Amino acid sequence: MSSKNKTILTTILLIMALAQGPVIYYLGQGFLKLLFAVPYMLTGLILTIILLVNLIKSKVPNTTYQIAGLSIAFLAGVGTVRPDAMEYIDYKLRFAERNRIVERIKGGLLKPGEADRYGLNIRDSAKGTVSVEFYIDRGFIDHYSAFLYTDDIEEIKALDKAVIKDHIFKKFDENWYRVGY
């Protein structure tokens, strides 16, 4: 393989690896994620193996870009296989926006009937507490995951116990959880 072809393949791999986390995290939902993610990651793995073999066996000198690009693509690709990193980044990047939505709900500006338009599940209680689920993955048939804001003390106690027992529940901040059902 020529140096130019190795550089092109390295660039393709870098783009795929850097896009893998956000693309699969934000665009894939439930079964669609499975249909999209497996071929995408398999393609990336095959291209990585082809490039690695060519870098090792090639008589044409390898450039720093090709070696560094393959290393970065491999690390980025492997690092985004689990959604934990993307969930944390999503939580941090959109935290202020989600807090504004919670404040609008508490202020009565956003009603539970309007929630579906925003991809939310709002639960008002007679006790004056609010719980808002910001869907991450709506699932295929019988599951979903979401970021949950709640100021319901009883729900917080139950969630804190679930965080200890189950890896599906995580506490991100005061009143903020990642839940999965």
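Since the structure is predicted, the reported quantities are computational estimates derived from the model, not experimental observations.

Caption draft 1: Seen up close, the overall build of the protein chain. Within the protein chain one finds six helices and five strands. Listing the helices and strands of the protein chain from first to last along the sequence gives α-α-α-α-α-β-β-β-α-β-β. When the 181 residues of the protein chain are sorted by exposure, 38% land in the buried category. Surface accessibility of the protein chain: about 10900 Å² in total, with carbon and sulfur atoms responsible for 66%.

Caption draft 2: How the structure looks around the environment of L47. Looking at the secondary structure, you find L47 in helix α2 (residues 31-57). The sequence separation of L47 and L9 amounts to 38 residues, and the corresponding C-alpha distance is 7.6 Å. Discounting residues that sit within four places of it in the chain, L47 has contacts with L9, I12, L13 and M16.

Caption draft 3: Fine view of the pattern of salt bridges. Tallied over the entire structure, the rule returns five salt bridges. Residues R94 and D90 are paired through a salt bridge, measuring 3.6 Å at the closest nitrogen-oxygen approach. Exposure remark for R94: the relative accessible area of 32% places this residue in the partly exposed category. The exposure class of D90 is buried, given its relative accessible area of 2%. A salt bridge links R94 to E97; the nearest nitrogen and oxygen atoms lie 3.7 Å apart. Under the relative-accessibility criterion, E97 is labelled partly exposed at 35%.

Caption draft 4: How the structure looks around the sheet that holds strand β2 (residues 130-137). Reading across from one edge, β1-β2-β3-β5-β4 is the order of the five strands in this open sheet, with antiparallel pairing throughout. Lying at the two open borders of the sheet, with one neighbouring strand each, are β1 (120-124) and β4 (170-173). Between one strand and the next, the sheet's axes are offset by a mean angle of 25°, whatever the strand orientation. Of the pairings in the sheet, the one linking β1 to β2 comprises five bridges and is antiparallel in character. Bridge pairing links R123 to S131 in β2. Relative to β4, helix α4 (residues 84-93) is tilted by about 30°, and along the sheet it contacts β2, β3 (145-150), β4 and β5 (176-180). Contacting β1, β2, β3, β4 and β5, helix α5 (residues 95-106) runs over the sheet at an angle of about 140° to β2.

Caption draft 5: Structural context of α4. Along α4, the residues that are buried comprise M86, E87, D90 and Y91. One face of α4 carries all of its buried residues, which in axial projection span an arc of 135°.

Caption draft 6: The side chain of T150, seen in detail. With respect to the secondary-structure elements, T150 resides in strand β3. Exposure remark for T150: the relative accessible area of 0% places this residue in the buried category. A distance of 3.2 Å separates a polar side-chain atom of T150 from the backbone nitrogen of D152.

Reading the values: the criteria
Residues numbered from 1 in each chain as written. Predicted model: local features only at pLDDT ≥ 70, side-chain atom pairs only at ≥ 80, totals over all residues. Heavy atoms only, no water. Helix = DSSP H or I, 4+ residues; strand = E, 2+ residues; numbered from the N terminus. Buried < 20%, exposed > 50% of the residue type's maximum accessible area, 1.4 Å probe, protein only. Areas by Shrake-Rupley, 256 points an atom, 1.4 Å probe, with all protein chains shown as cover. Contact = heavy atoms within 4.5 Å. Salt bridge = Lys/Arg side-chain N within 4 Å of Asp/Glu carboxyl O. Pairing = 2+ DSSP bridges. Axes fitted to C-alpha atoms, helices over the stretch in contact; angles between N-to-C directions. Arc of directions from axis to C-beta. Polar contact = N/O pair within 3.5 Å; in protein donor to acceptor, adjacent residues only side chain to side chain.

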